[in-house]
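Residues per chain are reported as follows:
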Amino acid sequence: MCGIVGYLGKGRTRQFVVSRLKKLEYRGYDSSGIAFNKDDKIDNVKAVGNIANLENLITDENEVQCAIAHTRWATHGKPSVKNCHPHSSQSGVWSIVHNGIIENYQEIKEKLKTPTDSDTDTSTVAELLEERNAKTIGDFVEVFKEVQGSYAIVAMNSNALDELFIAKNRSPLYVAENKGEYLVASDPICFVGFAKYYYSFNNYEYAHIKNGKIKFFDAYMNELKKELVELDDCFEETQKFEYEHFMLKEIMEQPEALKRQVKTYRDTNVLAKFNKEFIEKFDYISFIGCGTAYHASMVGARYIERLTGIRASAEIASEFIYKEPVFANEKTLFVFVSQSGETADTLMAMNIAKEHGATCVALTNVLYSSLAKQADYVLPVCAGPEIAVASTKAYVCQLSALYMFARHLNNQIEDKQYNYLKDIELVSSKILDFDQEKINHIADAIKDEMNPIFIGKDLDYIAACEASLKLKEVAYVNATNYPSGELKHGFLALIEDGTPIIVFATEDKVRTKTLNAAHEAVSRGAFQITITNDGGLGYDNLIVIDVDNEYLMPMLEIAPMQYLAYEVSIKKGINPDQPRNLAKSVTVE
Ligand code: F6R
């Protein structure tokens, strides 16, 4: 949600700063802006829409020594030039960019003498800095005693244009240095080609950059010593190469990502710590996530119950945090699933679980994320950077990690040596075996249908949930998912001539049941598309998965559906990498 870049150094063009911001466009693309030093003052350029519109407004290649830039996903105030960051205080002394939400911004607004110049929560902090007459880093830190909420803030001051001021709480922020030049960013992706190492901020930490040096402080102005972190090689993957869209690239990268997943789990033996002694401490496993990560959580819970016999469930993080957490105690193992590791609801859920004495595992793609840092254990997801807003390769890699985790626990409990790595290698070799041309025809057939329905039972039902979410997000299709057994309890009333019904029927024990439910819909005019591992079915519009292991189906049956959503998106003229109203990494509640 929103992207931040700050620059301080001997001089770079604004195009350079904006090119770094472009790497963060996946975090928001409603509007963008840059503030920079010009003639001993702060000047700025802002534009509504994606960053290309901002780029068009920056024509000269003059160098700037101090700059802050932002790409926005609106929370307070609609996308407009007025609400676009950077936000300045009334006299223009302070200019700031901010990710997160200032929870007490109304309260701050009431204290301010001067009204702020936008509808955002951020402006109140810029104005507060001015009204408290903040000049030094000490003053800056003091002002944050009045600020509540989540924030990654980079600020510049017109009286000190050779300095940058930084504050961080519950919203990611990083800084890298190269020969006295500094880049601050909300994702280390921005440092590729600039620096090999970077610093990461913890909550309630501050920094001040001046004279080619950075100093870190806690909230009491104690100076902090920080370790450098090495930039992961896989950040190099953040280019589209020959692909037109990141979403397609990421779907096609799944075999490689799965191979990396297997290699990591084999080479580092990450599962070894989850031994018999460990697992015997728990009588319940709770999986928690949001959106696609919640669907992965549902699969994880099914894997655990079937393979280990331990009771397990999946919860939506934003629901869990307002529930009575009766099962959160030292006998419950919590597994938090999150691609970004920065999803606010998931982080809050982890805090609640920890407060109740539970053991927490983070299953995440971002090993430097807040979720990974706060967890007792980390299960790495090795998808590599995922840029498209819709999660594809991260989902499949999450499932592969959950599968290996459940199989490993089963090996521990039953004292056996089942080689689950081989299963994931098989998925890697089969996952793209679907007929793209057939999917393309199906995309033509359903693209103008307003209400397709995805059905399945058990693991197949979860595939239906994820497939319908993909179509909603990138193709704006009001797809519904239903457990196949529920159709006759009401949903059939919505079936009309030509309603597409996408049927997942890959599990032996429930295949016939699901197909029967589909027949009832087809008898009432529905148009059926079937995903199955039974090639003998002889239906039209059949997508056959040629693998005989029901546990692997959730990974194999989703790939053609990701591709279907991509194709429908393209046919409707939508940019699947930047669907409207969405952004990757939802760092606000
Ligand atoms: C859907 C999608 C979202 C995310 C959700 C959780 O394609 O990407 O539903 O899965 O916002 O995000 P993470 O996994 O980063 O916690």
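Residues numbered from 1 in each chain as written. Predicted model: local features only at pLDDT ≥ 70, side-chain atom pairs only at ≥ 80, totals over all residues. Heavy atoms only, no water.

Undergrad: Would you take a moment to explain the pairing of strand 13 (residues 213-217) for this structure?
TA: With 5 bridges connecting them, strand 12 (residues 205-210) and strand 13 associate as antiparallel partners. Paired with histidine 208 across the strands is lysine 215, a residue of strand 13. Linking strand 12 back to strand 13 in an antiparallel pair, the connection comprises 2 residues, with asparagine 211 at a positive phi of about 50°. Bridge count between strand 13 and strand 14 (residues 223-224): 2 bridges; the pairing is antiparallel. Bridging across to strand 14, phenylalanine 216 finds its partner in leucine 224. Between the antiparallel neighbours strand 13 and strand 14 lie 5 residues, among them methionine 221 with a positive phi of about 65°. (Pairing = 2+ DSSP bridges. Helix = DSSP H or I, 4+ residues; strand = E, 2+ residues; numbered from the N terminus.)

Undergrad: Would you mind going over the nonpolar core with me for this structure?
TA: It is characteristic of soluble globular proteins that their nonpolar side chains tend to be buried jointly. Residues Ile34, Ile285 and Met561 are the most contacted members of the largest nonpolar core, which totals 126 residues. Ignoring anything within four residues of it in the chain, the contact list for isoleucine 285 reads Ile279, Ile304, Ile310, Arg311, Ala312, Ser313, Leu333, Val335 and Leu409. If you look at the next biggest cluster of nonpolar residues, it comprises 25 residues, including Ala134, Phe165, Ala167 and Phe217. (Core = buried A, V, L, I, M, F, W, Y, C linked by side-chain atoms within 4.5 Å. Buried < 20%, exposed > 50% of the residue type's maximum accessible area, 1.4 Å probe, protein only. Contact = heavy atoms within 4.5 Å.)

Undergrad: Any chance you could explain empty space enclosed by the protein here in plain terms?
TA: The gaps of empty space that remain are located by a probe, the size of a water molecule, rolled over the atoms. Across all of its chains, the model carries 2 cavities of 30 Å³ or more by this definition. Lining the largest cavity are 14 residues, with Cys2, Trp73, Thr75, His85 and Gly100 positioned closest to its centre. Tallied by class, residues from the lining of the largest cavity come to 5 nonpolar, 7 polar and 2 charged. Roughly 30 Å³ of volume is contained in the second largest cavity. (1 Å grid on protein atoms, 1.4 Å probe; cavity = no way out; pocket = protein on both sides within 12 Å on 5 of 7 lines; lining within 4 Å. Points joined across faces, edges and corners; volume = space filled by probe spheres on them. Nonpolar A, V, L, I, M, F, W, Y, C, P; charged D, E, K, R; others polar.)

Undergrad: Help me understand the sheet that holds strand 21 (residues 453-456), please; the structure alone is not making it clear to me.
TA: By way of backbone hydrogen bonds, the strands of a sheet pair with one another, either parallel or antiparallel. Spatial ordering of the open sheet is given by 22-21-23-24-25, a layout of 5 strands whose pairing is parallel. Each having just a single partner strand, strand 22 (480-483) and strand 25 (542-544) make up the two edges of the open sheet. In this sheet, adjacent strand axes meet at a mean angle of 20° when their direction is disregarded. As defined by bridge partners, strand 24 (residues 527-532) adjoins strand 25 across 3 bridges and the pair is classed as parallel. When the bridges of strand 25 are listed, isoleucine 531 appears paired with isoleucine 543. Lying on the sheet, helix 15 (residues 436-446) is in contact with strand 23 (500-505), strand 24 and strand 25; it crosses strand 24 at an angle near 150°. (Axes fitted to C-alpha atoms, helices over the stretch in contact; angles between N-to-C directions.)

Undergrad: How should the side chain of histidine 245 be read in this particular structure?
TA: Tracing the backbone shows histidine 245 in the loop between strand 15 (229-230) and helix 6 (246-252). Of the polar contacts made by the side chain of histidine 245, one reaches the side chain of tyrosine 566; its length is 2.9 Å. With residues near it in sequence (within four places) discarded, histidine 245 still touches Lys240, Tyr566, Ile570, Asn575, Pro576 and Asp577. (Polar contact = N/O pair within 3.5 Å; in protein donor to acceptor, adjacent residues only side chain to side chain.)

Undergrad: In this structure, what is going on with the packing of helix 13 (residues 393-414) against helix 14 (residues 420-430)? I would like to understand it.
TA: Two packed helices can be described by the angle between their axes and the distance between those axes. The contact between helix 13 and helix 14 brings their axes to 9 Å, and the two run at 160°. Looking at the two axes, helix 13 sits roughly antiparallel to helix 14. Regarding helix 13 and helix 14, the two cross each other, and that crossing is right-handed. Of the residues in helix 14, those in contact with Ser400, Tyr403, Met404, Arg407, His408 and Asn411 of helix 13 are Tyr420, Leu421, Asp423 and Ile424. Across the contact of helix 13 with helix 14, the residue classes tally to 5 nonpolar, 3 polar and 2 charged. (Parallel < 35°, antiparallel > 145°, perpendicular 65-115°, else oblique. Left-handed = near helix turned anticlockwise from the far one by under 90°.)

Undergrad: Even after reading the chapter, I still don't get the site of the ligand, so can you show me in this structure?
TA: Residues in contact with the ligand amount to 14 residues; listed here are only the nearest, Ser338, Gln339, Ser340, Thr343 and Glu473. Separating an oxygen atom of the ligand from a backbone N or O atom of glutamine 339 is a distance of 2.6 Å. Burial of the ligand by the surrounding chains reaches 87%, relative to a free accessible area of 410 Å². Counting only elements with at least two residues in the shell around the ligand, the list comes to helix 9 (291-308) and helix 16 (459-475). It is helix 9 that contributes the most residues to the shell around the ligand, 3 residues altogether. When its residues are assigned to classes, the shell around the ligand shows 5 nonpolar, 7 polar and 2 charged. (Near = heavy atom within 4 Å. Areas by Shrake-Rupley, 256 points an atom, 1.4 Å probe, with all protein chains shown as cover.)

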